[in-house]
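Inside the fold
Given next are the chains, with one letter for each unit.
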Amino acid sequence: MFRFDQLGVFSALLTALTSVLSALVLLVVTKQLWSLRWTLTRDKKNKLPLPNGSMGWPLVGETFHWLFQGSNFHISRREKHGNVFKTHLLGKPLIRVTGSENIRKILLGEHNLVCTQWPQSTRIILGPNTLVNSIGDLHKNKRKILAKVFSRGALETYLPRLQDVVKSEIAKWCSEPGSIDVYAAAKSLTFRIAVKVLLGLNMEEERIVYVTKIFEQLMNNLFSLPIDAPMSGLRKGIKAREILHANMEKIIEEKMQRPNAEEYYDAFDYMLSSAKETGYELTVQELKETAVELIFAAHSTTASASTSLILQLLRHPAVVEKARAELETEGLGYDAHSTGLINTRGTESENKHQPTDTERTSLLSGSDHFDRLVDGTGVGPRDRSHIPYLTRDTLSQLRYIDCVVKEVLRFLPPVSGGYRTALQTFELDGYQIPKGWSVMYSIRDTHETAAVFQSPETFDPERFSSERDESRAGRFNYVPFGGGVRSCVGKELAQIILKTLAVELIGTAKWTLATEAFPKMQTVPIVHPVNGLHVNFSYKHHNTI
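Predicted model only: the values in this text are computed from it and were never measured. (Residues numbered from 1 in each chain as written. Predicted model: local features only at pLDDT ≥ 70, side-chain atom pairs only at ≥ 80, totals over all residues. Heavy atoms only, no water.)

This paragraph deals with the overall build of the protein chain. Each helix and strand counted, the protein chain has 21 helices and 12 strands in total. The buried share among the 545 residues of the protein chain stands at 53%. The contacts of the protein chain with a sequence gap of at least 6 include a subset with a gap of at least 24, amounting to 76%. Per element, the accessible surface of the protein chain, about 25,700 Å² overall, is 56% carbon and sulfur. (Helix = DSSP H or I, 4+ residues; strand = E, 2+ residues; numbered from the N terminus. Buried < 20%, exposed > 50% of the residue type's maximum accessible area, 1.4 Å probe, protein only. Contact = heavy atoms within 4.5 Å. Areas by Shrake-Rupley, 256 points an atom, 1.4 Å probe, with all protein chains shown as cover.)

Have a look at this one:
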């Protein structure tokens, strides 16, 4: 009986082992067939091999590895397979590309070798009339119209109002008795700049808070399954878009009914003027969709960069002191304006540049009531800040702060890369990129591995100084805004926002980290601190008004 029991146990174990081995063999065979399936999709007319890499497991590919490993996923595979490797993410075969020469071919091959690829849900929610949904001549025409929105003259028009928004938001940070979540605060800042300055929408604070929440709803569902059903992400995104459109429709219709304006105030004015010059008639629907797209473009990435800027200022006090010394040298320091601050009202000592009528009007709109009551004393952010109205020429003289902003964008580019679809099979780094495959070029990896950058792992603004300027060695070693015909059309505005924020913070405020350690940075979908970056802000000088 005992032997019979032993035999029964042995038989059960053998059966279980056989089942496990069979399952493992089945998995291995299935994975090999899955890999073979993609190997067979290579272009037979092209003798070059597919890039090295793994297609992962059937259907899911390496998606779960990518989600759990974050940036380490790409780093480990780049180290193993090189600057061009294949993988399978989010249901599609993908070629990951790093390196200036490889990126150059991708970015300059738009409309020929590759085309921009956005998820279907993004295209539906943003609308058919947007820049991201246009290709060929239509893309060129729309980009030409938008170019005037970000021209030198337009940026000069925006700058005084932009600076007022920055002052107002910093006043909120400094008046808060506890710590501020910088990433959340930066998103509030960039949204207000987009709505109040870029689009010229004058709203009460309560309305801005409401519209901000609606826009967050749109952003949260921008990359969702393209299924239009009740309670689906796509349906929520479309609903948010319609609410945003409704808030813009009246001002757009009023602007379209005006005769030709002699003065330009916001993006709508510049778009309507540019469209008339090119003989293109913009509809109300096109303007509404373009307005949402402009907020989308200016909001998240600039908020990410603003957060990264403050993070690096926290980490590197020596950089702050050098930037502060530059402000003193350029006449923007506290000592140069402290006398004027004591008698800031009714005098001309506050600013080198006095605001125009348009600028004064802008100071009375939006959240100005808060501005004057921010700390219960009737003292507004312009009274607290000694920094005069800035101009583009003034900002261009701040060479070191320019280096700081550039290094922030190199060290922590807001977007890790961009996606394209191969329009035809082409060669890249000795491999074939098959027609129809997705291609992702990596901005972050290129910045980290470019040989032109000395000690790329070190935050060093001096690398962009006129004496060194390590980025001069190659056009595509430094690409925080992409390149080619799809380069960020608003990159100049983004840099102005970052420089203005740097000037106002370094010139007027002080800050300390509210947590024991700096947060980890997450890179997907854009760079941001895990669980936020919590900081205590206060003004450096408390003036008697």
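Having seen the structure, we can now continue with the description.
Before going further, it helps to spend a moment on the sheet that holds strand β9 (residues 509-513). Judged by pairing direction, the sheet is antiparallel, and its three strands sit side by side in the order β4-β12-β9 without closing on themselves. Lying at the two open borders of the sheet, with one neighbouring strand each, are β4 (180-181) and β9. Where helix α12 (residues 284-315) meets the sheet, it contacts β9 and β12 (534-539), and its direction lies at approximately 80° from that of β9. (Pairing = 2+ DSSP bridges. Axes fitted to C-alpha atoms, helices over the stretch in contact; angles between N-to-C directions.)

Turning our eyes to something else, we now look at the sheet that holds strand β8 (residues 438-442). Read across the sheet, five strands follow the order β1-β2-β8-β5-β3 without closing on themselves; strand pairing throughout is mixed. Edge positions in the sheet fall to β1 (84-89) and β3 (114-116), since each of these pairs with one other strand and no more. Pairwise comparison of adjacent strand axes, ignoring direction, gives a mean angle of 35° for this sheet. Pairing of β3 with strand β5 (residues 417-422), which is carried by three bridges, proceeds in the antiparallel orientation.

Let us look at helix α13 (residues 317-329). In a regular helix each residue adds 1.5 Å, so 13 residues correspond to 18 Å; α13 covers 19 Å between its end C-alpha atoms and thus fits that length. For α13, the full list of buried residues reads Val319, Val320, Ala323, Arg324, Glu326 and Leu327. Taken around the axis of α13, the buried residues stretch over an arc of 155°, which confines them to a single face. More than 90 degrees from the buried face of α13, the exposed residues found are Pro317, Ala318 and Thr329. If you follow the buried residues of α13, they end up packed against α12, α18 (392-397), α19 (399-411), α21 (491-508) and β9. Directly beyond the C-terminal end of α13, a positive phi value near 80° is found at Gly331. (Expected span 1.5 Å × (residues − 1). Arc of directions from axis to C-beta.)

Scanning the entire structure with this criterion turns up 28 salt bridges. Among the salt bridges present, the one from Asp228 reaches Arg235, with a minimum N-O distance of 2.5 Å. Taking the relative accessible area as the measure of exposure, Arg235 reaches 35% and is therefore partly exposed. One continuous salt-bridge network, built from bridges that share partners, spans Glu407, Arg410, Asp460, Arg463, Arg468 and Glu470. (Salt bridge = Lys/Arg side-chain N within 4 Å of Asp/Glu carboxyl O.)

Tracing the chain through its elements places Ile170 in helix α7 (residues 152-175). Sequence-distant contacts of Ile170, that is, excluding residues within four places in its chain, are made with Leu501, Glu504, Leu505 and Tyr539.

So, on to the nonpolar core. In this structure, Met271, Trp511 and Phe537 are the most contacted members of the largest nonpolar core, which totals 95 residues. Judged by nonpolar contacts, the second largest core, of 23 residues, contains Met55, Ile106, Leu107 and Val479. (Core = buried A, V, L, I, M, F, W, Y, C linked by side-chain atoms within 4.5 Å.)

To continue, consider the packing of aromatic side chains. Within the structure shown, the criterion is met by nine aromatic pairs. Between Phe411 and Phe459, the ring centres sit 5.8 Å apart and the planes meet at 85°, which makes this aromatic pair edge-to-face. Of the two residues, Phe411 sits in helix α19 while Phe459 sits in the loop between α20 (443-449) and α21, which places them 48 residues apart along the sequence. With a relative accessible area of 25%, Phe411 lands in the partly exposed category. Look at Phe459 and you get buried, because its relative accessible area is 9%. (Phe/Tyr/Trp six-rings, centres within 6.5 Å; stacked < 30°, edge-to-face > 60°.)

In total, this model carries three cavities of 30 Å³ or more according to the counting rule given. Estimates place the volume of the largest cavity at around 100 Å³. Together, Asn129, Thr130, Leu131, Lys142, Ile145, Leu146, Met271, Leu282, Glu286, Leu287, Thr290 and Glu293 line the largest cavity. Taken together, the elements giving at least two residues each to the lining of the largest cavity come down to α6 (136-149) and α12. Here the element with the most residues in the lining of the largest cavity is α12; it accounts for four residues. Looking at side-chain class alone, the lining of the largest cavity contains six nonpolar, three polar and three charged residues. (1 Å grid on protein atoms, 1.4 Å probe; cavity = no way out; pocket = protein on both sides within 12 Å on 5 of 7 lines; lining within 4 Å. Points joined across faces, edges and corners; volume = space filled by probe spheres on them. Nonpolar A, V, L, I, M, F, W, Y, C, P; charged D, E, K, R; others polar.)

Two quantities define a packed helix pair, namely the angle between the helix axes and the distance between the axes. Running from N to C, α13 and α21 point in directions that differ by 95°, and their axes come no closer than 10 Å. Classified by the angle their axes make, α13 and α21 are roughly perpendicular. Contacts between α13 and α21 involve Val320, Ala323, Arg324 and Leu327 on the former and, on the latter, Val503, Ile506 and Gly507. Taken together, the residues of the contact of α13 with α21 sort by class into five nonpolar, one polar and one charged. (Parallel < 35°, antiparallel > 145°, perpendicular 65-115°, else oblique.)

Within the chain, Leu59 stands out as a residue other than glycine whose phi angle is a positive 70°. Turning to its location among the elements, Leu59 is positioned in the loop between α1 (2-39) and α2 (63-69). For Leu59, a relative accessible area of 68% gives the class exposed. The phi dihedral of Met231 is positive, around 70°, even though this residue is not glycine. Within the secondary structure layout, Met231 lies in the loop between α9 (205-220) and α10 (233-257). Taking the relative accessible area as the measure of exposure, Met231 reaches 67% and is therefore exposed.

Attention now moves to α6. For α6, spanning 14 residues, the distance from its first C-alpha to its last is 21 Å, which sits close to the expected 20 Å at 1.5 Å a residue. The complete set of buried residues in α6 reads His139, Lys142, Arg143, Ile145, Leu146, Lys148 and Val149. On its buried side, α6 packs onto α7, α8 (182-198), α11 (267-278) and α12.

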